[in-house]
Amino acid sequence: EDQVTQSPEALRLQEGESSSLNCSYTVSGLRGLFWYRQDPGKGPEFLFTLYSAGEEKEKERLKATLTKKESFLHITAPKPEDSATYLCAVQARDAGNNRKLIWGLGTSLGVNP
Amino acid sequence: SAVISQKPSRDICQRGTSLTIQCQVDSQVTMMFWYRQQPGQSLTLIATANQGSEATYESGFVIDKFPISRPNLTFSTLTVSNMSPEDSSIYLCSVETPLGLREQFFGPGTRLTVL
């Protein structure tokens, strides 16, 4: 069964303290892995798409990497405004024309000033 | 990316009533989706809204409970029918842009509370 597991569930960092969030997945052939940020009371905001093992994407203090089993979202020198829930989702290759995404539960990140 | 708006942003409804949620996109899109996000749970796809044809529902969701309209390439509605407290949730509309690489962009969501 296709599945996405994110860890840790919650993480609290001091401003400037770098860390990584994990997204482990099992899927029958990966078409794409997606990272989103969600602030309270808002819809998810798209961050990155990764398609194949070894791929990396960067945006400001965030860097996403992908292996055959998991993805990491590295946060370098975080600021309080990086506090949010980070969601991971995958799309299976054998989904055909089905666009269904399989979602993790997210990691709630808090950054103290 | 696309700019997506939803109405209403929140509502409190009585058991047994129905609520229609609107989703408007600022550009034409092929794929539109409706999700539910309940506290402590991951996003759950309700259905894919197809323009000009019936929506495609995921397992556990039925048209009688969640009728969907898609009259054109920029607009869709989701109705939550005969509501019960278990329907209290955030409902999200998302789109996949025609030139995109399968990433989905989300609206701000509708927070529904059923008493």
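One structure accompanies this document, and this report is about it. Note that the coordinates shown come from a computational prediction; the quantities given were computed from them, not determined experimentally.

Rules used in this analysis
- Residues numbered from 1 in each chain as written.
- Chains lettered and ligands numbered in written order.
- Predicted model: local features only at pLDDT ≥ 70, side-chain atom pairs only at ≥ 80, totals over all residues.
- Heavy atoms only, no water.
- Disulfide = S-S within 2.5 Å.
- Helix = DSSP H or I, 4+ residues; strand = E, 2+ residues; numbered from the N terminus.
- Buried < 20%, exposed > 50% of the residue type's maximum accessible area, 1.4 Å probe, protein only.
- Pairing = 2+ DSSP bridges.
- Contact = heavy atoms within 4.5 Å.
- Buried area = accessible area lost by both parts, 1.4 Å probe.
- Salt bridge = Lys/Arg side-chain N within 4 Å of Asp/Glu carboxyl O.

**Overview of the state of the cysteines**
So, step 1. With the rule as written, the count across this model stands at two disulfides over all chains.
So, step 2. Across the disulfide, Cys23(A) is cross-linked to Cys88(A) (sulfur-sulfur distance 2.0 Å). Its torsion about the S-S bond being -65°, the disulfide of Cys23(A) and Cys88(A) is classed as left-handed. Taken together, the positions of Cys23(A) in strand 3 (residues 19-26) and Cys88(A) in strand 9 (residues 84-92) put the pair 65 residues apart, joining distant regions of the chain. Summarising the burial analysis for this pair, Cys23(A) and Cys88(A) share the class buried.
So, step 3. The disulfide bridge from Cys23(B) ends at Cys93(B), spanning 1.9 Å between sulfur atoms. Measuring the twist about the S-S bond at about -60°, one finds the Cys23(B)-Cys93(B) disulfide to be left-handed. Of the two residues, Cys23(B) sits in strand 3 (residues 19-25) while Cys93(B) sits in strand 9 (residues 89-96), which places them 70 residues apart along the sequence.
So, step 4. Residue Cys13(B) stays outside any disulfide, its sulfur separated by 18 Å from that of Cys23(B), the closest cysteine.
So, step 5. Using a relative accessible area of 8% as the deciding quantity, one classes Cys13(B) as buried.

**Here we look at the pairing of strand 5 (residues 45-50) of chain A**
All names here are of chain A.
So, step 1. With five of its six residues buried, strand 5 lies for the most part within the structure.
So, step 2. Inspection of the sheet shows strand 4 (residues 30-38) paired to strand 5 by five bridges, in the antiparallel sense. Bridge assignment links Trp35 to a residue of strand 5, and that residue is Phe48.
So, step 3. Following strand 4, the chain reverses through six residues before pairing antiparallel with strand 5; Gly41 in that reversal takes a positive phi of roughly 80°.

**Notes on the interface of chain A and chain B**
So, step 1. At the interface, 21 residues of chain A touch 21 residues of chain B.
So, step 2. When the buried surface of chain A facing chain B is broken down by residue, Pro44(A), Arg99(A) and Trp103(A) rank first, second and third, together holding 33% of it.
So, step 3. Counting every contact that joins chain A to chain B gives one salt bridge.
So, step 4. Two residues, Glu58(B) and Lys100(A), come together in a salt bridge whose shortest N-O distance is 3.2 Å.

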